[in-house]
Amino acid sequence: MESLLHDLRQAARSLRSRPGFALTAVLTLALGIGAGTAIFSVANAVLLRPLPYAGADRLVLLWGELRARDVHDFPFPPGDLRDLQEQTTAFEEIAALTPGQAPLAGDGSEPERVSAVGVTTNLLPLLGARLLHGRGFVPEDALPPPQPPQDGGVLAGPPQGPQLPQIVILGHDFWQRRYGGDPGVVGRSIDIGNGRANIVGVLAPGFELLWPPGANIDRNPDLFAAMRIDYETASRNNVFLRLVGRLKPGVPAGRAQEEVDAVAADLRERFPIKQTADLRIHVVPMHDDLVAEVRPAILVLMGAVGLVLLIACANVANLLLVRASSRTRELAVRAALGSSPGRLVRQMLAESLLLAAAGALAGLALAWAGIRLLLALAPANLPRLDAVRIDPLVLGFTILASLAAAALVGIVPALRAARPDLAEVLRASGRSPALQGGSLLRSGVVVAEVALSFVLLVGSGLMVRSFVALQRTDPGYDPSGVLTFSVNPLADSPDGRAAFMRALRDRLVALPGVEAATAAGPLPLDGGLANSRWGTEDAATDPSKFQQANVHIVLPGYFQAMRTRVLAGRVFDESDNRPDATGIVVDERLAAKAFAGRSAVGERLFVRVRSAEPEWLTVIGVVEHARHESLAADGREAIYFTDGFFGHGAAGRWAVRTSGDPSALAASARAAIRDLDARLPVAEVQPMSAFVDRAMAPTRFALVLIGVFAAIAALLAAVGLYGVLSTVVRQRTAEIGVRMAFGARSASIFRLVIGQGLRLSALGIVVGVGAAWALTRVLSSMLVGVDPTDPATFGAIAALFLAIAAIACWLPARRAAGVDPVIALREE
């Protein structure tokens, strides 16, 4: 230990004597270590940290798949849940939930639209949720009503007969916001949805529902309602449940999958519709499912920061090689006086250890700032952002990264410096001999830096191409100048709801600057998509011919307001907005699939959408395909129905097109709704451009980070190239003087040095092309409209890097061209 402390003290004195060198090395390592720490903090929170639930490692999600119709993540009907509970033994429990929203009133506060999650009574205990006040759910809370709602929860349509009160538990944040943290709220009754609800408890703080984005489950629901489901009479075609289970201790997921496969086979045998759809059920570890969508991007970013750290280490290693070369005489003298090679190696490694330690401390400061930036840029589909922080595991990563950096930057220079040729060095004089050794090694390091930087620059270029492609994508509608919000009628009768929808649209259209007003369920890019089966004449006799399409509920005038092109026939007018209407509008993709080679207008489709059995509906028009799920992919084909077809009021997401700033219209729209009915809650008021921003956020996030890392890498590679050429110029000063003394012009010397730098860069680019060709394929899932091996991107990045290299070579070349031959020969 005493020897180590002595080496560290001597290393500190040595570094203090060269503050410029030390500062450059520390900042270079800080960039690499800081970037790595920031990204690892995200990977730790999202990919590594266990879910905050009881028995999190045994939690699994169950998903349905209609394999014959290419439908994934399909929800379940109540009967399938009961079969899974009764016919499997691998699970301790299986619970279910269904998301949605409902209007809340009747508690003395302003009405509002709340996030209401219907749950089976065992869901909260299964996840280990704790109660702060009141009680949890009991089986009696789920007794079915005399005539159950359609979906068994607070999200049902108008009540049909006497209803038992809904039993609800409040989320902690909602309890604080709405009721000021009053424990006396337990036991109160409130108006929610279309009936009454009794509050029986309040959850403790910190409980969240961490579900994959595709399930559209609010992370922090305002309230949880015990679903009243009659499992004996519930339709097997009414799918709305999301399932979660906990495996018994010691039971592997594979055994659970085998049992679930048997249940799925039984369901296919008992229900022909499930057979023709080829129903499958998958058991997926909950944590894996939660992060499946973001794991590729995080791993790519970890790989990117790994390359940055390698480049930073290579750069500092080059600095240490130059420094070791300049200290050759000193080290030779020490060796001649008895210092062993091991002793010299330890001292050189002590310097690299101090540099890495200082770089780690500075890197932590950069990481702290970087995490703030990451949280600001992170897309909505990145889960558990609040858990991103510098914790002990992240600190451990930083320490390991700094130790690895110390070894990488120090070992080769230390080994070279520890074995000097004493006779050669002590005989030599002047500056050049001390710098002659290691030029090939330093050049090799620069080639490696260029190659690694090229890989990152190509990745950044591909992300730029993707982002541009997203911006140029025609989504099939115009999101600019549109204000959106949610509001639903409170009337129980279809006529009352129809009157409300007409009155609200008229009031909105009358506002200054408003060009059109419409409503849909859902709006594009707003989530909550539903799908249903459809077929042509063949499907009437062969159910296997049914296919799946997204279902959209719209008001007449929707396509005009959204500026979606009509390709054939006509779109809805007021005469179509009624329950007995039989006209539908389809998009061009469905029309081409169903009626290839002929016009779809006037043709009939067999559609199952509002009843247990399919019904014949007539296509009245064809519109262009709209990207409802994502800007990056076409998505499924679509069928449009009028709001009146479903009894009015189902189209609860309003869109108001204005000639001005849509955000400036929000207050006027709220006032118009309040004048119409002061009891109506208005929610999710935002411009439609916010939907587009959310859709582009994952690509923007990856683009910014990979772009930043690529810029850092290119800068470090350029600095490394500059350092090598500067050393070369110093080594060859005498040679340059001789050349100039014999008539060489400054321009030829300039070209000589520039040529050497460009040759190193070209070699690095050649190596980088091969590496990028292999590595950029991992970006495939993140790219839009561009191939991961796109030749144009590779060529453009190669040209860009050669330009960067030329700039890095310019100053050493200029210095070489300005050498005074007399002075150079005198120094030699």
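Note that the coordinates shown come from a computational prediction; the quantities given were computed from them, not determined experimentally.

The next point concerns the overall build of the chain. Of regular secondary structure, the chain possesses 25 helices and 23 strands. Per-residue burial over the chain gives 53% buried out of 828 residues. Sequence separation of at least 24 residues holds for 81% of the intrachain contacts in the chain that already meet a minimum separation of 6.

This part covers a nonpolar patch on the surface. A contiguous nonpolar patch, built from L353, I399, L400 and L403 and spanning about 380 Å² of accessible area, is present on the exposed surface. Here the nonpolar patch gets three residues from one element, more than from any other, and that element is helix α12 (residues 392–417). Take L400: its relative accessible area is 61%, and that puts it in the exposed class.

Across the chain, the average pLDDT comes to 86, with 88% of residues at 70 or higher. Of all the helices and strands in the chain, helix α14 (residues 432–435) carries the lowest mean pLDDT, 42, while strand β11 (residues 242–247) carries the highest, 97. The low-confidence segment residues 148–162 (pLDDT under 50) makes 32 contacts with residues lying over four places distant or belonging to another chain. The low-confidence segment residues 429–437, where pLDDT is below 50, has 21 contacts with residues more than four positions distant or belonging to other chains.

Between the first and last C-alpha of helix α16 (residues 494–509) there are 23 Å, a value that for 16 residues agrees with the 22 Å anticipated at 1.5 Å per step. Residues of α16 that are buried: R497, A498, F500, M501, L504, R505 and L508. Considered in projection along α16, the buried side chains sweep an arc of 160 degrees and stay on one side of the axis. Looking at α16, the residues exposed on the side facing more than 90 degrees away from the buried face are D495 and D506.

Turning our attention to the pattern of salt bridges. Tallying each qualifying case throughout the model produces 38 salt bridges. R196 is paired through a salt bridge with D191; the nearest N and O atoms lie 2.3 Å apart. Overall, D191 belongs to the partly exposed group, its relative accessible area being 31%. In this structure, R270 and D266 form a salt bridge, with 2.8 Å as the shortest nitrogen-oxygen distance. Taken together, the residues R270 and D266, both in helix α6 (residues 253–270) and four residues apart, mark about one turn of the helix.

Now for the pairing of strand β14 (residues 514–521). By the criterion of burial, β14 is predominantly enclosed, with seven of the eight residues buried. Relative to strand β22 (residues 653–658), β14 is paired through six bridges, and the arrangement is antiparallel. Counterpart to T518 in the pairing with β22 is A655. Strand direction decides the pairing type here: β14 and strand β16 (residues 547–554), joined by two bridges, are antiparallel. Note on β16: the bridge partner recorded for A520 is V554.

It is worth spelling out the nonpolar core at this point. The biggest cluster of nonpolar side chains holds 131 residues, and the ones touching the most others in it are W211 and Y640. Counting residues per element, this core draws most heavily on helix α21 (residues 689–731), which supplies 20 residues. Ignoring sequence-local partners within four residues, the contact set of W211 consists of L61, W63, L97, L127, I217, R242, V244, M286 and L290. L81, L84, L243 and A264 belong to the second largest nonpolar core, which has 29 residues in total.

Below, the discussion takes up unusual backbone geometry. Cis peptide bonds are those with omega within 30 degrees of zero, and the linkage from G521 to P522 qualifies with -5 degrees. By the secondary structure assignment, P522 is in the loop between β14 and β15 (530–535). Phi angles above zero are rare outside glycine, and N216 is one such case at about 55 degrees. Of note, N216 is situated in the loop between β9 (195–203) and β10 (223–226). Relative accessible area serves as the criterion here: at 40%, N216 is assigned to the partly exposed category. Positive phi is not limited to glycine here, since R563 has a value of about 60 degrees. Locating R563 in the fold gives a position in the loop between α18 (558–562) and β17 (566–569). Classification of R563 by relative accessible area gives partly exposed; the value is 44%.

Within the structure shown, the criterion is met by 15 aromatic pairs. Ring centres of F207 and F224 lie 6.1 Å apart, and the angle between their planes is 55 degrees; on these two criteria the pair is classed as tilted. Residue F207 is found in the loop between β9 and β10, and its partner F224 is found in strand β10; the two are separated by 17 residues along the sequence. Neither F207 nor F224 differs from the other in exposure class; each is buried. The interplanar angle of 25 degrees and the centroid separation of 5.3 Å between the aromatic rings of F641 and F645 together place this pair among those described as stacked. Judged by its relative accessible area of 4%, F645 falls in the buried class. One aromatic cluster is present, built from ring pairs that chain together Y558, F559, F572 and Y640.

Now for the side chain of T789. Checked against the element boundaries, T789 lands in the loop between α23 (746–775) and α24 (791–817). By relative accessible area, T789 is classed as buried at 9%. Only 2.5 Å separates the side chain of T789 from the side chain of D787, close enough to count as a polar contact. Beyond its immediate sequence surroundings of up to four residues, T789 is in contact with W773, T776, R777 and F794.

Interhelical geometry of helix α3 (residues 78–87) versus α6 gives an angle of 135 degrees and a closest axis separation of 10 Å. Comparing the axis directions of α3 and α6 gives the class oblique. The way α3 lies across α6 gives a crossing that is right-handed. The residues of α6 that touch α3, namely those facing D80, D83, L84 and Q87, are V260, V263, D266, L267 and R270. Broken down by class, the residue content of the contact of α3 with α6 amounts to four nonpolar, one polar and four charged.

Right, let's talk about helix α5 (residues 172–179) for a bit. Buried within α5 we find H172, F174, W175, R178 and Y179. One side of α5 carries all its buried residues, which in axial view fall inside an arc of 160 degrees. The exposed residues of α5 that point more than 90 degrees off its buried face are D173 and R177. In this structure, the buried side of α5 is in contact with β4 (101–105), β5 (112–119), β6 (131–134), β7 (166–170), β8 (189–192) and β9.

As a further point, take the environment of A90. As for its position among the elements, A90 is in the loop between α3 and β3 (91–98). When its relative accessible area of 0% is taken as the criterion, A90 is described as buried. The residues touching A90, leaving out its near neighbours within four places in the chain, are R246, L247, K248, V251, R255, A256 and E259.

Between α16 and helix α20 (residues 666–676), the least distance of the axes is 10 Å, while the angle of their chain directions is 140 degrees. In terms of axis orientation, α16 runs oblique to α20. Where α16 crosses over α20, the two elements pack in a sense that is right-handed. Residues F500, A503, L504, R507 and L508 of α16 touch α20, and the partners they reach there are A669, A672, I673, D675 and L676. Residue composition of the contact of α16 with α20, grouped by class: eight nonpolar, no polar and two charged.

For the rest of this paragraph, the subject is the environment of F709. Looking at the secondary structure, you find F709 in helix α21. On the accessibility criterion, F709 (5% relative accessible area) is buried. Distance in space between the C-alpha atoms of F709 and L301 is 9.0 Å, their sequence separation being 408 residues. Excluding residues within four positions of it along the chain, F709 makes contact with A35, I39, L301, A304, V305, V308 and L456.

Parameters and conventions
Residues numbered from 1 in each chain as written. Predicted model: local features only at pLDDT ≥ 70, side-chain atom pairs only at ≥ 80, totals over all residues. Heavy atoms only, no water. Helix = DSSP H or I, 4+ residues; strand = E, 2+ residues; numbered from the N terminus. Buried < 20%, exposed > 50% of the residue type's maximum accessible area, 1.4 Å probe, protein only. Contact = heavy atoms within 4.5 Å. Patch = residues over 30% accessible without salt bridge, like charges linked within 9 Å, V, L, I, M, F, W, Y side chains within 5 Å. Areas by Shrake-Rupley, 256 points an atom, 1.4 Å probe, with all protein chains shown as cover. Salt bridge = Lys/Arg side-chain N within 4 Å of Asp/Glu carboxyl O. pLDDT = per-residue confidence, 0-100. Expected span 1.5 Å × (residues − 1). Arc of directions from axis to C-beta. Pairing = 2+ DSSP bridges. Core = buried A, V, L, I, M, F, W, Y, C linked by side-chain atoms within 4.5 Å. Phe/Tyr/Trp six-rings, centres within 6.5 Å; stacked < 30°, edge-to-face > 60°. Polar contact = N/O pair within 3.5 Å; in protein donor to acceptor, adjacent residues only side chain to side chain. Axes fitted to C-alpha atoms, helices over the stretch in contact; angles between N-to-C directions. Parallel < 35°, antiparallel > 145°, perpendicular 65-115°, else oblique. Left-handed = near helix turned anticlockwise from the far one by under 90°. Nonpolar A, V, L, I, M, F, W, Y, C, P; charged D, E, K, R; others polar.

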